[in-house]
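The lines below spell out each chain.
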Amino acid sequence: MRVRWRVLGCALALAVTGPPRPAAAQNSVDLAKARQVLEYYQTCERTRRFAPCWTLLSKRVQRDWAQQGRGTVAEYADAKGAGALYSDFRVLQIRRSPARVVFVVEATRSEGNDPVRDRVEYALLREGDQWRIDGLRVGLSETAP
């Protein structure tokens, strides 16, 4: 008899509330916060000053840098500062899930006198209530943010 009541209770609950739904994707406030982190990181790419961006990296990415022997802010900044200099960014697409946002961007870098456009994907991950840079792909190549 108890089993029948449980089944009836579950059926009634589903009828009233509907089936369980997956966690909702970010609202506009969450997306704006993620975009702000991306823009701070892109400022580091424009200036090649990466020390301020260390705190924007996810714990996993910071751990990956440490495993490469570049686990301090200064070591990270030196390694990243030697990379490409981007001057312009244009968001082409945004992919969202509950804990992650991927910004697909056209980034312009200088190669001699000619600008070169790269397709760059920035993956941001929510850690607690903060958004952090968790992945970077330039073209088809994964690279460390």
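**Student:** Even after reading the chapter, I still don't get the packing of aromatic side chains, so can you show me in this structure?
**Tutor:** Aromatic ring pairs are defined here through the distance separating the ring centres and the angle between the ring planes. Tallied over the entire structure, the rule returns 6 aromatic pairs. Between Tyr41 and Tyr122, the aromatic rings sit 6.1 Å apart at their centres with planes inclined by 70 degrees, giving edge-to-face as the arrangement. Taken as a pair, Tyr41 in helix α2 (residues 28–47) and Tyr122 in strand β3 (residues 114–127) lie far apart in primary sequence, 81 residues in all. A centroid spacing of 5.1 Å and a plane angle of 80 degrees characterise the contact between Trp65 and Tyr76, whose relative ring orientation is edge-to-face. In this pair, Trp65 sits in helix α3 (residues 59–67) while Tyr76 sits in helix α4 (residues 73–81), placing the two residues 11 residues apart along the sequence.

**Student:** How should I be thinking about the pairing of β3 in this particular structure?
**Tutor:** In regular strands, side chains alternate between the two faces of the sheet. Pairing of strand β2 (residues 100–111) with β3, which is carried by 12 bridges, proceeds in the antiparallel orientation. For Glu106, the partnering residue across the bridge sits in β3 and is Arg119. Counting the residues in the hairpin turn of β2 and β3 gives 2 residues, including Gly112, whose phi is positive at 65 degrees. Here β3 pairs with strand β4 (residues 130–138) via 8 bridges, running antiparallel. In the sheet register, Glu121 faces β4, and the bridge partner there is Arg137. Linkage of β3 to β4, two consecutive antiparallel strands, is achieved through a turn of 2 residues, within which Gly128 is found at a positive phi near 65 degrees.

**Student:** Is there a simple way to explain the nonpolar core in this structure?
**Tutor:** If you look at soluble globular proteins, the nonpolar side chains tend to sit buried side by side. Counting residues in hydrophobic clusters, the biggest one holds 27 residues, and the most contacted among them are Tyr41, Leu57, Tyr76, Phe103, Tyr122, Leu124 and Ile133. Among the elements of the structure, α2, α3, α4, β1 (86–97), β2, β3 and β4 are those that each provide at least two residues to this core. It is α2 that contributes the most residues to this core, 6 residues altogether. Residues within four places of Phe103 in sequence aside, it is in contact with Leu31, Ala34, Arg35, Leu38, Val91, Gln93, Ile94, Val120, Glu121, Tyr122 and Leu124.

**Student:** Honestly, the pattern of salt bridges in this entry has me stumped. Any pointers?
**Tutor:** Note on pairing: side chains with opposite charge can pair once their charged atoms come close. Applying the stated criterion across every chain, the model contains 11 salt bridges. Through salt bridges that share partners, Arg60, Asp64, Arg100 and Asp134 make up one connected network.

**Student:** In this structure, what is going on with the state of the cysteines? I would like to understand it.
**Tutor:** Disulfide: a covalent bond connecting the sulfur atoms of a pair of cysteines. The final tally for this structure, using the stated rule, is 1 disulfide. Two residues, Cys44 and Cys53, share a disulfide whose sulfurs are 2.0 Å apart. Here the S-S torsion is close to 95 degrees, and the disulfide linking Cys44 with Cys53 is therefore right-handed. Exposure class is identical for Cys44 and Cys53. Each is buried.

Calculation notes
Position labels on residues start from 1 in each chain and follow its written sequence. Reporting of local features is limited, given that this is a predicted model, to residues whose pLDDT is at least 70; pairs of side-chain atoms are given and counted only at 80 or more, and all residues count toward the totals for whole chains, interfaces and linings. Note: side-chain values were computed over all heavy atoms of the structure, leaving out hydrogens and water. Centres within 6.5 Å are what make two rings of Phe, Tyr or Trp a pair, Trp counting through its six-membered ring; a difference in plane orientation under 30 degrees is then read as stacked, over 60 as edge-to-face, and the rest as tilted. Only runs of H or I of at least four residues qualify as helices and only runs of E of at least two qualify as strands under DSSP, and these elements are numbered from the N terminus. Should DSSP find at least two bridges between two strands, the strands are regarded as paired. For this analysis, a nonpolar core means a set of buried residues of the types Ala, Val, Leu, Ile, Met, Phe, Trp, Tyr and Cys, connected via side-chain atoms within 4.5 Å. A 1.4 Å probe rolled over the protein chains alone gives each residue an accessible area, and that area as a share of the maximum for its type sets the label: buried under 20%, exposed over 50%, partly exposed in between. We call two residues in contact whenever any of their non-hydrogen atoms come within 4.5 Å of each other. Every case where a carboxyl oxygen of Asp or Glu lies within 4 Å of a side-chain nitrogen of Lys or Arg is listed as a salt bridge. Whenever a pair of cysteine sulfur atoms sits within 2.5 Å, that pair is classed as a disulfide.

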